Each structure stands twice: as structure tokens, then as C-alpha cells.
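Observations on the model geometry
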Amino acid sequence: MHHPASRYGGMSHEAVLVETLHRRHATEFSNVLAILHLLRAGLHEPHPIVDDAIERVEGQLELERLLVAPPILDLSMTLAATCELIAQSRVIRPVFSFQANACPAPSVTFARAFAIIAFEAISLITMHMDRADPPVIVRLALEDRIATLLIRRTSQPPGSMARLHRDDTSLMRQIVWRLNGSVAIAQDTRTRTIRIRIPVST
């Protein structure tokens with residue numbers, strides 16, 4: 001039987017199923033987001049729980065859209081897009097001090113895995129930000145075929161930073177581990193830093 005040519009022609013059955021799920025999730029997140037906006041419009045005054053729900057759903061929706069978009073095969077551009085979508089989906093929009101070297105991705109799968117890692121790491125760093133917080137530091141460097149992603153936040157006032165627990169980072173750690181990488185987290189009451197190292201084979 002002849003199959004029409006499509007963008008899925010070179011993809012495995014598993015990859016097609018995963019992309020289909022991402023598209024389904026994006027549609028469902030869009031529906032939920034519309035309902036939440038209608039709910040907020042009917043409130044007499046702002047409600048932090050509704051605002052938080054909208055922020056979370058918008059962030060997940062934008063991640064799904066990033067994952068089903070034509071793949072970005074440079075990790076620095078993927079990282080920039082991830083910072084942008086997180087900034088656009090937050091009630092208190094984080095400002096980033098961004099610096100990234102060009103870092104070609106070895107495959108579409110790798111690029112999408114990195115997008116999820118970056119989204120998780122930046123989301124964890126920017127949780128419960130204050131408008132007075134300084135810019136979040138985001139750095140990506142490639143050296144000796146190792147990509148190093150560093151994300152650091154300092155809180156204002158000092159002492160207001162809640163600690164991350166291992167359960168918060170389990171998804172990110174699992175994906176990094178599958179790419180033979182490592183995760184290091186340093187945190188105290190004022191600063192939080194995530195450093196991720198992943199080998200990149202071209």
C-alpha cells in the first residue's frame with residue numbers, strides 16, 4: 001500500500017506516538033487554559049490559586065508547543081526559546097542574564113530531551129520569584145564535547161529562598177541520567193544553583 005509522503009516518514013513508530021501525545025496534550029492544555037481564564041474573568045477580585053493554576057498550565061502548554069514545533073538543532077537556541085516561554089507564561093516574569101555558546105544537537109531526540117531538561121531546571125530555579133529578585137543567570141558552554149548548563153538565582157530579601165527537595169528534581173535527574181549526564185544542586189536560604197553536564201556526541 002502506498003503511503004503519502006509526510007514529515008513523519010523518517011520517524012519511528014514510538015516517535016510518532018510521542019509526538020501525537022504532545023499534540024493531544026497541547027490541545028487539552030489549551031482547553032483547560034480557556035476555562036481558567038473564564039473563571040478568572042468571573043471573579044470579583046484576583047485569587048492567587050487561580051493565577052498560579054493559569055501560570056502552570058500556560059507554561060506546560062508552551063512546552064508542549066515547543067516540543068511539537070520543528071526541532072531546533074542547536075541547544076543554545078533551544079535554551080533561549082525555553083527562557084522566553086517561561087518568562088511569557090509567568091505572572092511575575094523572570095529576567096534572565098543569558099549567555100550561551102553554539103552547541104549543535106546530535107539528534108532531534110537529544111534536542112527535545114534537552115528542552116525538557118532546560119524547562120524543568122529553569123522552572124525549579126524561578127519558583128516563587130519576587131519582583132525585587134535580580135536577573136536569573138543562565139549559561140551554556142560546550143567544551144570537550146560536554147555541554148554544561150548552569151542556572152543560578154539569588155533571592156531578595158536574603159533568607160527567603162525555599163529549599164528544593166529531591167522529589168522536585170526527579171524528572172530532570174532521570175532524563176539527564178538517560179543521556180549519561182550529571183546534575184549538581186547547591187542551595188541555601190539566599191541562592192539556588194543547578195549545574196547540568198551532558199556529553200554531546202556529534
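In what follows, the structure referred to is the one given above.
Residues numbered from 1 in each chain as written. Predicted model: local features only at pLDDT ≥ 70, side-chain atom pairs only at ≥ 80, totals over all residues. Heavy atoms only, no water.

1. Focus on the overall build of the protein
- Across its full length, the protein carries five helices and five strands.
- Secondary structure of the protein in N-to-C order comes out as α-α-α-β-α-β-β-α-β-β.
- Out of the 202 residues in the protein, the part that is buried amounts to 38%.
- Here the contacts in the protein between residues at least 6 apart in sequence split such that 69% fall between residues at least 24 apart.
- Total accessible area on the protein is roughly 11900 Å²; 57% of this is exposed by carbon and sulfur atoms. (Helix = DSSP H or I, 4+ residues; strand = E, 2+ residues; numbered from the N terminus. Buried < 20%, exposed > 50% of the residue type's maximum accessible area, 1.4 Å probe, protein only. Contact = heavy atoms within 4.5 Å. Areas by Shrake-Rupley, 256 points an atom, 1.4 Å probe, with all protein chains shown as cover.)

2. So, the side chain of Asp74
- Turning to its location among the elements, Asp74 is positioned in the loop between α2 (48-68) and α3 (75-89).
- One buried charged residue, Asp74, forms no salt bridge at all, with the nearest opposite charge on Arg139 at 15 Å.
- Within the structure, Asp74 has its side chain in polar contact with the side chain of Ser76 (distance 2.4 Å).
- Setting aside its immediate chain neighbours within four residues, Asp74 contacts Ala102, Cys103, Pro104 and Ala105. (Lys, Arg positive; Asp, Glu negative; His and termini not counted. Salt bridge = Lys/Arg side-chain N within 4 Å of Asp/Glu carboxyl O. Polar contact = N/O pair within 3.5 Å; in protein donor to acceptor, adjacent residues only side chain to side chain.)

3. Considerations on the side chain of Asp133
- Note on placement: Asp133 falls in the loop between α4 (108-125) and β2 (136-143).
- In this structure the side chain of Asp133 is engaged in a polar contact, spanning 3.2 Å, whose partner is the side chain of Arg153.

4. Side note on the nonpolar core
- Judged by nonpolar contacts, the single largest core of 37 residues is most densely connected at Met172, Ile194 and Ile196.
- Of all the elements in the fold, those that place two or more residues in this core are α3, α4, β2, β3 (146-154), α5 (170-178) and β5 (191-199).
- With eleven residues, the single largest contributor to this core is α4.
- With near-sequence residues (within four places) excluded, Ile194 lies in contact with Ala121, Leu124, Ile125, Leu149, Leu150, Ile151, Leu164, Met172, Val183, Ala184 and Ile185.
- With six residues, the next largest nonpolar core counts Leu33, Val50, Ile54 and Leu61 among its residues. (Core = buried A, V, L, I, M, F, W, Y, C linked by side-chain atoms within 4.5 Å.)

5. What about the environment of Gln187?
- Looking at where Gln187 falls in the secondary structure, it is placed in strand β4 (residues 182-187).
- Expressed as a C-alpha distance, the spacing of Gln187 and Leu164, which sit 23 residues apart in the sequence, is 7.9 Å.

6. As for the sheet that holds β4
- Strand order in the open sheet formed by five strands is β1-β2-β3-β5-β4, and the pairing between neighbours is mixed. The open sheet is flanked by β1 (96-100) and β4, the only strands paired with a single partner. On average, adjacent strands in this sheet sit at an angle of 10 degrees to one another, irrespective of strand direction.
- Across seven bridges, the pairing between β2 and β3 is antiparallel. When the bridges of β3 are listed, Val138 appears paired with Ile151.
- Packed on one face of the sheet, α4 meets β1, β2, β3 and β5 and runs near 170 degrees to β5. (Pairing = 2+ DSSP bridges. Axes fitted to C-alpha atoms, helices over the stretch in contact; angles between N-to-C directions.)

7. A few points about the packing of α4 against α5
- Interhelical geometry of α4 versus α5 gives an angle of 150 degrees and a closest axis separation of 9 Å. Overall, the two elements α4 and α5 adopt an arrangement that is roughly antiparallel. Every pair of crossing elements has a handedness; the one defined by α4 and α5 is left-handed. Residues Ala113, Ile116, Ile117, Glu120, Ala121 and Leu124 of α4 pack against Leu171, Met172, Ile175 and Val176 of α5.
- Its residues assigned to classes, the contact of α4 with α5 comprises nine nonpolar, no polar and one charged. (Parallel < 35°, antiparallel > 145°, perpendicular 65-115°, else oblique. Left-handed = near helix turned anticlockwise from the far one by under 90°. Nonpolar A, V, L, I, M, F, W, Y, C, P; charged D, E, K, R; others polar.)

8. Considering the pairing of β5
- Bridge analysis of β3 against β5 gives nine bridges, and the strand direction is antiparallel. Note on β5: the bridge partner recorded for Ile146 is Pro199.
- As defined by bridge partners, β4 adjoins β5 across six bridges and the pair is classed as antiparallel. Across the sheet, Ser182 pairs through a bridge with Arg197, a residue of β5.

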